[in-house]
There are 2 protein chains.
Amino acid sequence: MDTTQRTEQQRSADRRRRELLEAADRVVLRDGPGASMNAIAAEAGITKPILYRHFGDKGGLYAALAKRHTDALLDSLRAALDAPAERRERVEATLDTYLTAIEARPQVYRFLMHPAEGSPGDQGFDVGKHSAPLLRRMGEELAQVIEDRLDLGPGSHQLARVWGHGIVGMMHAAGDWWLGERPCSRAELVRSLADLLWGRLAAAGDRVGGPGF
Amino acid sequence: MDTTQRTEQQRSADRRRRELLEAADRVVLRDGPGASMNAIAAEAGITKPILYRHFGDKGGLYAALAKRHTDALLDSLRAALDAPAERRERVEATLDTYLTAIEARPQVYRFLMHPAEGSPGDQGFDVGKHSAPLLRRMGEELAQVIEDRLDLGPGSHQLARVWGHGIVGMMHAAGDWWLGERPCSRAELVRSLADLLWGRLAAAGDRVGGPGF
DNA sequence: CGTGCATGTTACTTGCGGTAACCCCAGTCT
DNA sequence: AGACTGGGGTTACCGCAAGTAACATGCACG
């Protein structure tokens, strides 16, 4: 009765919410992160106030949208990282998974990395979470995996966290640059990054005939 | 005559431009990247259209502002990277220089790394330059240094570029996270990152008693 | 003197985020 | 049946910031 009815309405609201999110998705993918609430509402076949009833404000809508994609991407990454294989292979598989994802849907990627937060009065938004939460989440998850799986001696917790965020940042920056310039194949990029993580920078010899170092 | 006058006016215009930039700087440092053109104009003691005459649009002003800070930071980094010392020392010095800079003036840092927000429609902004050009410039410069100084065998050009952007991204992401959470001292962070670059990730042993990998 | 020309202003338009007030229709209670 | 309530929807509006005319002023040159 009361409960069944409430769940019924709940379900209806959830379905509506999903429809709205999919419409928003289409618009954001088409117009970029600067898509207006009016455009999104129009795409969904309704008007602005409904969006605000469901998501509070633009930040809320964008957060919900970002969460969907972020969760999906993180699932793929976890799968690659958890595969039964040698460490280097897993690292390469994870890098490749990430790069494949951003290559396949660059619009989604742009949106996730530069959600543009509040904006106007942006007062409604917490200043602390200025940046893309996706990078933070990836960094934290990777840190956890590193800490769980590797024997790093004393201070392993801190070390794992630094490495987690650092490696994610490396992947992100290299991917961003690569996506813009396409200077090489994905496989080459993956190899180069893995080589970097595998200490080839430290192992390289000084160039002969260069400036005297 | 003509020329002298023109240079005279040019100089005057340049001086004015600099004053405007410094005023803009003060406002952006105080109010964050969402500072309005009105506020900047008021701080400079003039009104909006003058700003637009000098910088075209908000993007132009922000680009000019960013260029100043970016150039300054890049100069410091070049100095640290060019110091006569062992490679590891230079790497650590460069990391430390970067972290010291973002620690000393987080407002500047936020502005440089997330200029896209702007404000509401942000439609005055070119979609192409979505991200911080600072990262790209740092990546390119580092790539150049790596290629010039290290002997990487065949494919060294590509490799150096990938590494340049990757390392810069690592530094940036770790720095961003560190700046927000302050989980350890700057020196510890520098050491951890350098260790990562020096192959400690690849060299670490599997954790005993953990899940069977 | 008037004619450029750079510098400055006021006052406007446009477009967006966000909100208040109203509307309508399906059930429900008495 | 008829008033009552509440979720889904709309129109019309506010405030604010980017960007733009159109008008005003000071100063060199012929």
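Residues numbered from 1 in each chain as written. Chains lettered and ligands numbered in written order. Predicted model: local features only at pLDDT ≥ 70, side-chain atom pairs only at ≥ 80, totals over all residues. Heavy atoms only, no water.

As recorded in an unreviewed UniProt entry, chain A goes by the name TetR family transcriptional regulator, listed as coming from Streptomyces prasinosporus.

S.K.: Explanation requested: the overall build of chain A in the structure shown.
M.R.: Along the backbone of chain A there are 10 helices and two strands. Tracing chain A from N to C terminus, the helices and strands come up as α-α-α-α-α-α-α-β-α-α-α-β. (Helix = DSSP H or I, 4+ residues; strand = E, 2+ residues; numbered from the N terminus.)

S.K.: Explain the relation of the copies chain B and chain A to me, please; I cannot follow it from the model alone.
M.R.: Two copies of a chain can be linked by a rotation about an axis combined with a shift along that same axis. Note on the copies: chain B fits chain A at an RMSD of 0.2 Å, the axial shift is 0.0 Å, and the rotation between them is 179 degrees. Considering both components of the superposition, the chain copies are consistent with a two-fold axis. The overlap is high: 98% of the interface residues of chain B also sit at the interface in chain A, so the same surface is used on both sides. (Least-squares fit on C-alpha atoms with pLDDT ≥ 70 in both. Contact = heavy atoms within 4.5 Å.)

S.K.: Can you help me understand the protein's contact with DNA strand C in this one?
M.R.: Residues in close proximity to DNA strand C total 16 residues, the closest being Lys48(A), Tyr52(A), Lys58(A), Thr47(B) and Arg53(B). For DNA strand C, the fraction of protein-proximal atoms (within 4 Å) that sit in sugar or phosphate groups is 47%. Contacts to DNA strand C include Lys58(A), whose side-chain N or O atom sits 2.5 Å from a phosphate oxygen. At 2.5 Å from a base nitrogen of DNA strand C is found a side-chain nitrogen or oxygen belonging to Arg53(B). Counting only elements with at least two residues in the surface near DNA strand C, the list comes to helix H3 (48-55) of chain A together with helix H1 (2-31) and helix H3 (48-55) of chain B. Looking at the surface near DNA strand C residue by residue, the class counts come to six nonpolar, five polar and five charged. (Near = heavy atom within 4 Å. Polar contact = N/O pair within 3.5 Å; in protein donor to acceptor, adjacent residues only side chain to side chain. Nonpolar A, V, L, I, M, F, W, Y, C, P; charged D, E, K, R; others polar.)

S.K.: Can you walk me through helix H7 (residues 133-149) of chain B in this structure?
M.R.: Since the α-helix turns once every 3.6 residues, residues separated by three or four places project in the same direction. Look at H7(B): 24 Å from first C-alpha to last across 17 residues, which is about the 24 Å you get at 1.5 Å a residue. At its buried positions, H7(B) is contacted by strand S2 (205-206) of chain A together with helix H4 (58-82), helix H5 (87-104), helix H6 (106-113), strand S1 (150-151) and helix H8 (156-181) of chain B. (Expected span 1.5 Å × (residues − 1).)

S.K.: Got a minute to help me understand the UniProt feature "DNA-binding region" (unreviewed entry) in chain A in this structure?
M.R.: Within the UniProt annotation, "DNA-binding region" (unreviewed entry) is assigned to residues 36-55 of chain A. The annotated region residues 36-55 of chain A carries 75% helix and 0% strand content, and the separation between its end C-alpha atoms amounts to 14 Å. (UniProt positions renumbered as here; feature names shortened; annotations may be inferred.)

S.K.: Mind showing me how you'd approach the confidence of the model for chain A here?
M.R.: Note: predicted coordinates in regions of low pLDDT should not be interpreted at a detailed level. Residue and element names in this part refer to chain A. Residues with a pLDDT of 70 or more make up 85% of chain A, whose mean pLDDT is 86. When pLDDT is averaged over each helix and strand of chain A, the minimum, 78, is found for helix H1 (residues 2-31) and the maximum, 98, for helix H9 (residues 186-197). Low pLDDT, under 50, characterises residues 1-6; the predicted model gives this stretch zero contacts beyond four residues in sequence or across chains. (pLDDT = per-residue confidence, 0-100.)

S.K.: Would you mind going over the packing of H3(A) against helix H4 (residues 58-82) of chain A with me for this structure?
M.R.: For any two helices packed against each other, one specifies the inter-axial angle together with the distance between the axes. All names here are of chain A. One can describe the packing of H3 onto H4 by two numbers: an axis separation of 8 Å at closest approach and a directional angle of 65 degrees. Compared by their axis directions, H3 and H4 come out roughly perpendicular. In this structure, H3 crosses over H4, and the sense of that crossing is left-handed. Between H3, through Leu-51, Tyr-52 and Phe-55, and H4, the contact on the second element is made entirely by Lys-58, Gly-60, Leu-61 and Ala-64. Residues of the contact of H3 with H4, tallied by class, amount to five nonpolar, one polar and one charged. (Axes fitted to C-alpha atoms, helices over the stretch in contact; angles between N-to-C directions. Parallel < 35°, antiparallel > 145°, perpendicular 65-115°, else oblique. Left-handed = near helix turned anticlockwise from the far one by under 90°.)

S.K.: Honestly, the environment of Arg191(A) in this entry has me stumped. Any pointers?
M.R.: All names here are of chain A. Structurally, the position occupied by Arg-191 is in helix H9. A C-alpha to C-alpha distance of 10.0 Å links Arg-191 and Val-91, two positions 100 residues apart in sequence. Residue contacts for Arg-191: discarding those within four places in its chain leaves Arg-88 and Glu-92.

S.K.: How should the interface of chain B and chain A be read in this particular structure?
M.R.: How big an interface is tends to be expressed through the accessible area that disappears when the partners come together. Across the boundary between the two partners, chain B contributes 55 residues, which contact 56 residues of chain A. Buried area between chain B and chain A, summed over both chains or domains, comes out near 5400 Å², and the portion from carbon and sulfur atoms is 60%. Among the residues of chain B in contact with chain A, Trp177(B), Leu201(B) and Arg207(B) are the three that bury the most area, contributing 14% of the side total. Here chain B is connected to chain A by six salt bridges. The closest approach of N and O atoms between Asp176(B) and Arg136(A), which form a salt bridge, is 2.8 Å. Summed over the shared surface of chain B and chain A, the number is 19 residue pairs in polar contact (both at pLDDT 80 or more). Every element with two or more residues in the side of chain B that touches chain A is listed here: H5, H7, S1, H8, helix H9 (186-197), helix H10 (200-203) and strand S2 (205-206) of chain B. It is H8(B) that contributes the most residues to the side of chain B that touches chain A, 16 residues altogether. (Buried area = accessible area lost by both parts, 1.4 Å probe. Salt bridge = Lys/Arg side-chain N within 4 Å of Asp/Glu carboxyl O.)

S.K.: What is the right way to read helix H8 (residues 156-181) of chain A from this model?
M.R.: Residues and elements named next belong to chain A. Here H8 contains 26 residues, and its C-alpha end-to-end distance of 37 Å stays within 8% of the 38 Å for a straight helix at 1.5 Å per residue. With respect to burial, H8 is a largely interior element, 22 of its 26 residues being buried. Trailing H8 by a residue or two, Arg-182 shows a phi angle of about 45 degrees, which is positive. (Buried < 20%, exposed > 50% of the residue type's maximum accessible area, 1.4 Å probe, protein only.)

S.K.: Explain the packing of aromatic side chains to me, please; I cannot follow it from the model alone.
M.R.: Between two aromatic rings, the relevant description is the distance of the centres plus the angle of the planes. All names here are of chain A. Tallied over the entire structure, the rule returns two aromatic pairs over all chains. Judged by centre distance (5.2 Å) and plane angle (70 degrees), the rings of Tyr-62 and Phe-111 are edge-to-face. Of the two residues, Tyr-62 sits in helix H4 while Phe-111 sits in helix H6 (residues 106-113), which places them 49 residues apart along the sequence. What makes Tyr-62 buried here is its relative accessible area of 6%. (Phe/Tyr/Trp six-rings, centres within 6.5 Å; stacked < 30°, edge-to-face > 60°.)

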